[in-house]
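Now for the letters of each chain:
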Amino acid sequence: MLNTKYITSIIPLLVGLVLLSFNSYAENEDEILEFSVQEILGTEEKPTVRIKLNIEKTRELFVAVQDLNNKMQRVGSTQKRIKKSGSYHFNMDVDLKPGKYRFNAYIAPRGKGWNEKIGKPVNFNVTVVDKPKYITPPQFSTADKVKQITWPKSIIDDTEQVLTIKYDITQPRILLLKLLNKKGWKEEAVLKFALKEPGQQSLPISSMLSDFGAGDYAWAALITDTETGETITKQGKPFTIEKQ
């Protein structure tokens, strides 16, 4: 007679072993985790492939380029031998005319190819524009603003300090940086920068004590119109130069 108590106790154990084995296999499965190229390229730019893989042993990585405008014709390819899991990037030496392309990638055992590929191939579409280089259009803000001025409250010697101004702009602007002496609000120095997109300016400045002497000062950051010079927004940062 079968011992049902024994069967009842062993079934969960067998199921657990099967699940453990399956999970272990799934965790160690060779695959391409991430794959990308620049979405838009100029005709003189080389595609940069960025890829992240999980592999148990040395594998062959294949990347091929197809012309979507010409019946998926292959126009370039490369092969890399990858020895361990990780993230990699490399340029492909392929000349691409204006049009749309598909980059395909797959992995295979060492010394093997397409017929022995491991896992699913991945792909990424790229557009080549009729310009030598593609320049990403600036992402302008919804309002012009001096967001922050970073500078010490007190300076006691000629040690180099970094003046940082963060700003938002809605179109190309001019940034004026004025060093003002609070005694009569005299302009001690004026710096001018053309701004092409939101961001920041960082300026290393030294010899403040020697150049301007002890006293109360302020940095004034003004964002102005490129044509009229009209001040659109501004912000100040007071500080003191002290002689020890």
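Calculation notes
- Sequence order sets the numbering: in each chain, residues are counted from 1 along the sequence as written.
- For this predicted model, a pLDDT threshold of at least 70 governs which residues receive local features, and a threshold of 80 or more governs which side-chain atom pairs are given and counted, while totals over whole chains, interfaces and linings are taken from all residues.
- Note: side-chain values were computed over all heavy atoms of the structure, leaving out hydrogens and water.
- Only DSSP runs of H or I reaching four residues or more are called helices, and only runs of E reaching two or more are called strands; each is numbered from the N terminus.
- To sort residues, take the accessible area from a 1.4 Å probe on protein chains only and compare it with the maximum for the residue type: under 20% means buried, over 50% means exposed, and anything in between is partly exposed.
- Whenever a nitrogen or oxygen atom comes within 3.5 Å of another N or O atom, the pair is scored as a polar contact, on the condition that within protein one atom can donate a hydrogen and the other can accept it, and that pairs from neighbouring residues in sequence are kept only if both atoms are in side chains.
- Strand pairing is assigned whenever DSSP detects at least two bridges linking the two strands.
- Centres within 6.5 Å make a pair out of two Phe, Tyr or Trp rings, where for Trp the six-membered ring is used; the pair is then stacked when the planes are under 30 degrees apart, edge-to-face when over 60, and tilted otherwise.
- pLDDT gives the predictor's per-residue confidence on a scale running from 0 to 100.
- Here, two residues are considered to be in contact whenever any of their heavy atoms come within 4.5 Å of each other.
- Here an angle of 0 to 180 degrees is reported between the N-to-C directions of two axes, which are lines fitted to C-alpha atoms, with helices fitted over the stretch in contact.

Observations concerning the side chain of Asp 144
No. 1: Within the secondary structure layout, Asp 144 lies in the loop between strand 8 (118-128) and strand 9 (145-150).
No. 2: For Asp 144, a relative accessible area of 16% gives the class buried.
No. 3: A polar side-chain atom of Asp 144 sits 3.0 Å from the main-chain amide nitrogen of Thr 170.
No. 4: Polar side-chain contacts of Asp 144 include one of 3.1 Å to the side chain of Arg 173.

Digging into the sheet that holds strand 16 (residues 231-241)
No. 1: Strand order in the open sheet formed by five strands is 10-16-15-12-13, and the pairing between neighbours is mixed. Each edge of the sheet is formed by a strand with only one pairing partner; in this case those strands are strand 10 (154-155) and strand 13 (186-195).

Notes on unusual backbone geometry
No. 1: Even without being glycine, Trp 185 reaches a positive phi, approximately 50°.
No. 2: Mapped onto the secondary structure, Trp 185 falls in the loop between strand 12 (173-181) and strand 13.
No. 3: For Trp 185, a relative accessible area of 52% gives the class exposed.
No. 4: Even without a glycine there, the phi angle at Ser 207 is positive, about 60°.
No. 5: Turning to its location among the elements, Ser 207 is positioned in the loop between strand 14 (199-205) and helix 2 (208-212).
No. 6: The partly exposed category is assigned to Ser 207, whose relative accessible area is 26%.

Thoughts on the packing of aromatic side chains
What characterises a pair of aromatic rings is the spacing of the ring centres plus the angle enclosed by the ring planes.
No. 1: Inspection of every chain in the model, using the stated rule, returns six aromatic pairs.
No. 2: With a centroid separation of 5.0 Å and an interplanar angle of 85°, the aromatic rings of Tyr 106 and Trp 114 are classed as edge-to-face.
No. 3: Look at Tyr 106 and you get buried, because its relative accessible area is 13%.
No. 4: The exposure class of Trp 114 is partly exposed, given its relative accessible area of 47%.
No. 5: Taking the centre distance of 5.9 Å and the plane angle of 20° together, the rings of Tyr 217 and Phe 239 count as stacked. One end of the pair, Tyr 217, is in strand 15 (residues 215-224); the other, Phe 239, is in strand 16, and 22 residues separate them in sequence.

What to know about the confidence of the model for the chain
No. 1: On average, residues of the chain score 90 in pLDDT, and 89% of them reach the 70 mark or higher.
No. 2: Within the model, the stretch residues 13-27 combines pLDDT values under 50 with one contact to residues more than four positions away or in other chains.

Here we look at the environment of Ile 156
No. 1: Position of Ile 156 relative to the elements: it lies in the loop between strand 10 and strand 11 (161-168).
No. 2: Taking the relative accessible area as the measure of exposure, Ile 156 reaches 40% and is therefore partly exposed.
No. 3: Ignoring any residue separated from it by four or fewer positions in sequence, one finds Ile 156 in contact with Leu 209, Glu 242 and Gln 244.

What to know about the sheet that holds strand 11
No. 1: Pairing in this open sheet of three strands is antiparallel, and the strands run 9-11-14 from one edge to the other. Two strands lie at the open edges of the sheet, namely strand 9 and strand 14, each paired on one side alone. Each strand axis lies, on average, 15° off the axis of its neighbour in the sheet, ignoring direction.
No. 2: Bridge analysis of strand 9 against strand 11 gives five bridges, and the strand direction is antiparallel. Within strand 11, the residue paired with Val 146 across the bridge is Tyr 167.

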